[in-house]
Amino acid sequence: MTDFLDAPGCPGLSPTWTSSAKTGVGTALSALSHVSFTLSHGILNEIYYPRIDEACTRDCGLLVTDGRDYLSEEKRDTASTVEQLVDGVPGYRLRNRSLDGRYTIEKRIVADPQRDAVLQHIRFEAHEPGDYRVFVLLAPHLVNAGQHNAAWVETLKGWRMPFATGRGVTLALAASRPFRAISVGFVGESDGFSILRRHFCLAETYSRAQDGNVALCAELDLGPNGDEIELAIGFGRDKHDSGNRARASLMDGYASAERAYVAEWLVWQDGLARLDEYASAPHRGASGTTEGINAYRVSTAVLRTHEAMPFGGGMIASLSIPWGASKGDDDLGGYHLVWPRDLVESASALLAIGAHAEARRVLSFLQVTQEADGHWPQNMWLDGSSYWRGVQMDETAFPILLVDQAYWEGVLDGSELERFWPMVRHAARYIVLNGPVTGQDRWEEDGGYSPFTLAVEVAALVVAADIATRLGRADDAAFLLETADLWNASIERWTYATDTALSRELGIEGYYVRITPAETSDAPSPLGGFVAIKNRPPAAGQQAAAATVSPDALALVRFGLRAADDRRIRNTVAAVDHLLKVELPQGPLWHRYNGDGYGEHADGSPFDGVGIGRAWPLLAGERAHYELARGDVAEAERLLAALQASASEGGLLPEQVWDSADIPSLELFRGRPSGSAMPLVWAHGEHVKLLRSLRDGRVFDTPPQVARRYAAGKTGSGLAVWRFNNVATTLVVGKRLRIEVMAPARIRWSTDLWATSRDTETRQTGFGVQVADLDTAELAVGGTVEFTFFWPDVGHWEGRNFTLRAVNADERCPADAPRLKAA
């Protein structure tokens with residue numbers, strides 16, 4: 001074809017994505033298919049190809065006209081219901097009835113297991129007489145971008161189809177009967193929707209639209225009152241690839257694809273743990289009526305759907321873009337990125353449901369994507385390249401916990417631990433060298449000490465020590481345990497606030513704060529090799545930090561550092577409930593922390609960098625785990641019901657729910673999903689872990705060796721550590737002083753004002769730190785220890801002395817805490 005008619009209006013409106021409130025997500029389990037799809041408002045939304053971190057469409061829906069003066073848009077002008085084809089199978093039946101009662105559209109949607117295509121079986125039924133005409137409208141956003149796409153119409157192998165291409169990917173739209181008319185154009189100017197609004201038919205048709213925000217439109221060959229047809233959207237490198245796949249899907253037929261799709265999913269579901277009965281609490285759908293959804297099977301399907309088969313074990317956070325209708329090409333990632341924290345939480349859930357092969361793939365993915373220094377990016381694309389540039393310490397600690405959990409669940413045997421030891425050792429080294437420093441918290445906003453991060457770090461070091469012991473590395477294990485013991489013993493000094501306005505109001509001693517601020521200290525010795533950071537622990541009168549609380553502190557129980565009935569934990573629960581708990585139709589939910597700005601504005605407008613954080617269903621699951629640890633099974637079950645009832649009509653769990661008065665015009669209803677990510681895979685992971693925990697009668701992912709050491713054993717620390725980024729000035733009497741530096745050193749030290757002195761050589765640990773232990777346990781209150789360094793690698797002395805004064809525990813300088821960062 002050579003005679004193209006160019007569409008006017010280039011480049012069209014600025015592109016945006018679409019609603020994040022998904023009602024369904026799906027993918028085929030066959031290795032031959034590389035497409036994933038999402039649904040909302042009764043239509044297809046983003047389709048991802050060839051990876052689940054690369055969205056290639058905005059949406060694909062139907063338009064109905066009478067050719068004269070009637071235009072109805074399926075996604076806006078119908079009431080939609082959705083259900084899975086079979087429990088646990090993410091293929092869908094949609095029923096969209098027009099609000100004016102004039103027609104019904106029924107759809108069945110799956111991904112073709114044999115090729116890269118999404119198939120729809122469509123049935124149109126008219127309820128009032130009329131010469132109805134039905135059009136399909138498809139908005140390409142190829143490879144995470146709506147701009148700079150091109151569209152055209154071409155006949156290929158006798159099939160006349162519209163195509164679109166951008167950034168190396170091409171899609172083709174085809175139907176089981178030839179289209180009556182086809183047009184491509186620029187959104188808001190010459191696209192099919194604009195033409196239909198003007199003429200109620202494709203009175204204008206264009207065959208090419210280059211370099212802009214484009215849309216494809218075609219009239220379906222349907223009878224005026226009722227008929228059926230099949231649609232395929234195929235993907236490939238070029239028009240031949242995509243056109244071939246779309247045509248082949250239609251030739252094989254929808255029924256064949258659905259049978260194969262369902263069969264593969266049923267085989268997978270049949271191999272999972274039987275936790276269905278523990279998900280028997282009623283699900284309350286978006287309509288407010290109780291519906292028979294198997295919440296467990298929905299969650300298992302969500303977990304499996306979010307794994308990228310070409311990058312086995314890579315699981316993204318969500319097949320959605322929060323507040324997508326307000327986001328454009330500048331928001332490349334959405335939530336279709338890998339967050340190591342979410343990934344491990346999801347992999348732990350895979351272990352809980354018995355999906356061992358999938359959990360093992362996650363471990364392999366973590367091996368491949370670990371950075372050379374031992375950490376993982378804050379978030380990343382599936383190929384391991386980082387997106388944001390931050391580093392969060394818990395995201396380096398979590399993979400260690402996963403290795404251990406896989407061992408206890410029988411996924412790894414003792415000999416296989418050797419394979420993962422290098423990953424564990426590198427991660428542990430990074431934690432030792434960098435945390436606690438800024439104590440990066442799990443929610444990305446701020447730096448400082450976070451109880452959640454500290455809990456994960458300490459637990460990871462204990463677990464790494466346990467693995468080292470099993471592998472015969474006793475020295476490594478001893479060093480890791482001593483470090484973990486010291487950090488664990490310091491948590492209250494770092495994060496527990498007492499005698500604040502809030503604690504006095506509630507009549508409690510104090511509570512764990514969400515995060516304590518960090519500040520930079522003086523420059524360290526270059527030969528010491530550390531970056532100096534000082535963190536201020538909360539104190540009376542420090543209201544800005546000390547009044548910010550979060551359910552994060554429950555991680556101290558979850559990961560085995562504190563008992564559930566610990567007085568300080570109970571006090572914190574009282575503070576959390578006072579500030580963050582909200583009663584909703586489904587039951588109690590919690591905010592992340594007071595002052596959270598990640599959510600819609602008060603008027604319901606989308607989050608735009610600021611807003612008001614809303615209630616998180618995930619936190620009901622975390623609280624339920626705490627209640628189970630406390631022995632209150634009934635309360636854990638009540639919170640499970642609240643978690644499940646927070647789901648959408650299709651059973652998908654959102655990141656947040658709306659917790660203010662209804663705003664129907666913005667589809668915001670109290671207790672229902674907000675505009676944040678949905679589904680949130682972490683929330684579904686928490687859901688199935690809670691089911692497993694209820695079945696087992698214990699918290700599934702609490703590391704047993706950590707709980708034995710701290711929550712039950714109350715292991716303390718006889719150690720004090722001095723580092724160049726923690727130039728302590730006091731030493732609690734009875735403590736042994738450990739000096740930790742990054743280069744070999746001879747330490748000359750004295751406890752009698754240099755009347756005599758001793759030399760102690762540092763020794764190399766297996767984690768990049770040189771240590772020397774000084775025998776200071778006999779120092780009396782008021783005594784001092786003084787020391788300096790000789791650096792043999794460069795052959796000279798440090799040139800200054802350092803002094804610590806022995807004090808009682810209650811006199812210790814609050815800044816004296818172990819914090820270390822490699823230069």
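Above this text you will find the structure in question.
Not measured: the values here are computed from a predicted model. (Residues numbered from 1 in each chain as written. Predicted model: local features only at pLDDT ≥ 70, side-chain atom pairs only at ≥ 80, totals over all residues. Heavy atoms only, no water.)

Colleague: In this structure, what is going on with the overall build of the protein? I would like to understand it.
Modeller: The helix and strand tally for the protein stands at 19 helices and 37 strands. Against the globule reference of 28 Å for 823 residues, the protein gives a C-alpha radius of gyration of 30 Å, in line with a compact fold. In terms of principal-axis extent, the alpha carbons of the protein reach across some 105 × 55 × 45 Å. Expressed as a percentage of the 823 residues in the protein, the buried residues total 63%. Long-range pairs, those at least 24 residues apart, make up 69% of the contacts in the protein between residues at least 6 apart in sequence. In the protein, which carries 81 positive and 107 negative side-chain charges, the distance between the mean positions of the two groups comes to 2 Å. (Helix = DSSP H or I, 4+ residues; strand = E, 2+ residues; numbered from the N terminus. Rg over C-alpha atoms; globule rule 2.2 N^0.38 Å. Buried < 20%, exposed > 50% of the residue type's maximum accessible area, 1.4 Å probe, protein only. Contact = heavy atoms within 4.5 Å. Lys, Arg positive; Asp, Glu negative; His and termini not counted. Charge placed at Lys NZ, Arg CZ, Asp CG, Glu CD.)

Colleague: Would you explain the sheet that holds strand 28 (residues 719-722) in this entry?
Modeller: Taken together, 4 strands build an open sheet; the order of strands is 28-30-34-33 and the sheet is mixed. Each edge of the sheet is formed by a strand with only one pairing partner; in this case those strands are strand 28 and strand 33 (763-764). Both strand 33 and strand 34 (residues 770-774) contribute to a ladder of 2 bridges, which runs antiparallel. Its bridge partner being in strand 34, Gln764 is matched across the sheet by Gln770. (Pairing = 2+ DSSP bridges.)

Colleague: What is the right way to read the environment of His41 from this model?
Modeller: Considering the arrangement of structural elements, one finds His41 in the loop between strand 2 (36-40) and strand 3 (43-48). Note on His41: relative accessible area 27%, which makes it partly exposed. In sequence terms His41 and Arg76 are 35 residues apart; their C-alpha atoms lie 7.4 Å from each other. Excluding residues within four positions of it along the chain, His41 makes contact with Ser19, Glu74, Lys75, Ser80 and Glu667.

Colleague: I tried to follow the pattern of salt bridges on my own but got confused; where do I start?
Modeller: A complete count under the given rule lists 68 salt bridges for this structure. Taken together, the shared-partner salt bridges connect Arg133, Arg177, Arg180, Glu219, Asp221 and Asp227 into one network. (Salt bridge = Lys/Arg side-chain N within 4 Å of Asp/Glu carboxyl O.)

Colleague: I'm lost on the sheet that holds strand 7 (residues 89-98) in this one. Help?
Modeller: Strand pairing in a sheet relies on backbone hydrogen bonds. The paired strands run either parallel or antiparallel. The antiparallel open sheet is built from 9 strands, whose spatial order is 6-7-8-9-17-13-12-11-15. Here the strands that pair on one side only, and so sit at the sheet edges, are strand 6 (78-86) and strand 15 (208-212). The average undirected angle you get between the axes of adjacent strands in this sheet is 20°. In terms of strand pairing, strand 11 (residues 149-156) meets strand 12 (residues 159-166) through 7 bridges, oriented antiparallel. Note that in strand 12 the partner of Ala151 across the bridge is Ala164. Across the sheet, helix 3 (residues 239-252) touches strand 9 (117-126), strand 11, strand 12, strand 13 (169-175) and strand 17 (226-236), and the angle it forms with strand 17 is around 145°. (Axes fitted to C-alpha atoms, helices over the stretch in contact; angles between N-to-C directions.)

Colleague: It is not clear to me how the packing of aromatic side chains should be interpreted in this structure. Could you clarify?
Modeller: Each aromatic ring pair is summarised here by two numbers: the centre-to-centre distance and the angle between the ring planes. Considering all chains together, one arrives at 32 aromatic pairs under this definition. Ring geometry for Trp152 versus Phe163: centroids 5.4 Å apart, planes at 15°, classification stacked. One end of the pair, Trp152, is in strand 11; the other, Phe163, is in strand 12, with 11 residues separating them in the sequence. Note on Phe724 and Trp791: the rings are 6.2 Å apart at their centroids and 40° apart in plane angle, and the pair reads as tilted. Of the two residues, Phe724 is situated in the loop between strand 28 and strand 29 (730-732) and Trp791 in strand 35 (residues 784-791); the sequence distance between them amounts to 67 residues. Judged by relative accessible area, which is 2%, Phe724 ranks as buried. The buried category is assigned to Trp791, whose relative accessible area is 1%. A network of ring pairs unites the aromatic residues Trp722, Phe724, Phe787, Phe789, Trp791 and Phe802 as a single cluster. Of note, Arg102 hangs over the ring of Tyr70, and the distance from its end group to the ring centre comes to 3.8 Å. Looking at Arg514, its charged tip hangs above the ring of Tyr593, at a distance of 3.6 Å from the centre. (Phe/Tyr/Trp six-rings, centres within 6.5 Å; stacked < 30°, edge-to-face > 60°. Lys NZ or Arg CZ within 6 Å of the ring centre and 35° of its normal.)

Colleague: For this particular structure, what's the right way to read the side chain of Asn144?
Modeller: Relative to the elements of secondary structure, Asn144 occurs in the loop between strand 10 (133-140) and strand 11. Polar side-chain contacts of Asn144 include one of 3.1 Å to the side chain of His336. (Polar contact = N/O pair within 3.5 Å; in protein donor to acceptor, adjacent residues only side chain to side chain.)

Colleague: Please clarify how helix 6 (residues 340-353) should be interpreted in this entry.
Modeller: Each full turn of the α-helix corresponds to 3.6 residues, which orients residues three or four apart in the same direction. Counted at 1.5 Å a residue, the expected span for helix 6 with its 14 residues is 20 Å, and the 20 Å between its end C-alpha atoms agrees. Buried residues dominate helix 6, accounting for 14 of its 14 residues. One or two steps after helix 6, the chain reaches Gly354, where phi turns positive at roughly 85°. (Expected span 1.5 Å × (residues − 1).)

Colleague: Please clarify how the nonpolar core should be interpreted in this entry.
Modeller: Where a protein is soluble and globular, its nonpolar side chains tend to be buried together. One finds Phe37, Phe559 and Leu561 to be the most contacted residues of the largest nonpolar core, which totals 232 residues. A total of 14 residues in this core trace back to one element, the largest contributor, which is helix 10 (residues 451-470). Leave out the neighbours within four places in its chain, and Phe559 touches Phe398, Leu401, Phe452, Ala455, Val456, Ala459, Asp701, Thr702, Pro703 and Val706. Core analysis: the second largest hydrophobic core is formed by 22 residues, Leu731, Val741, Ala772 and Leu804 among them. (Core = buried A, V, L, I, M, F, W, Y, C linked by side-chain atoms within 4.5 Å.)

Shape descriptors only; they carry no functional weight alone.
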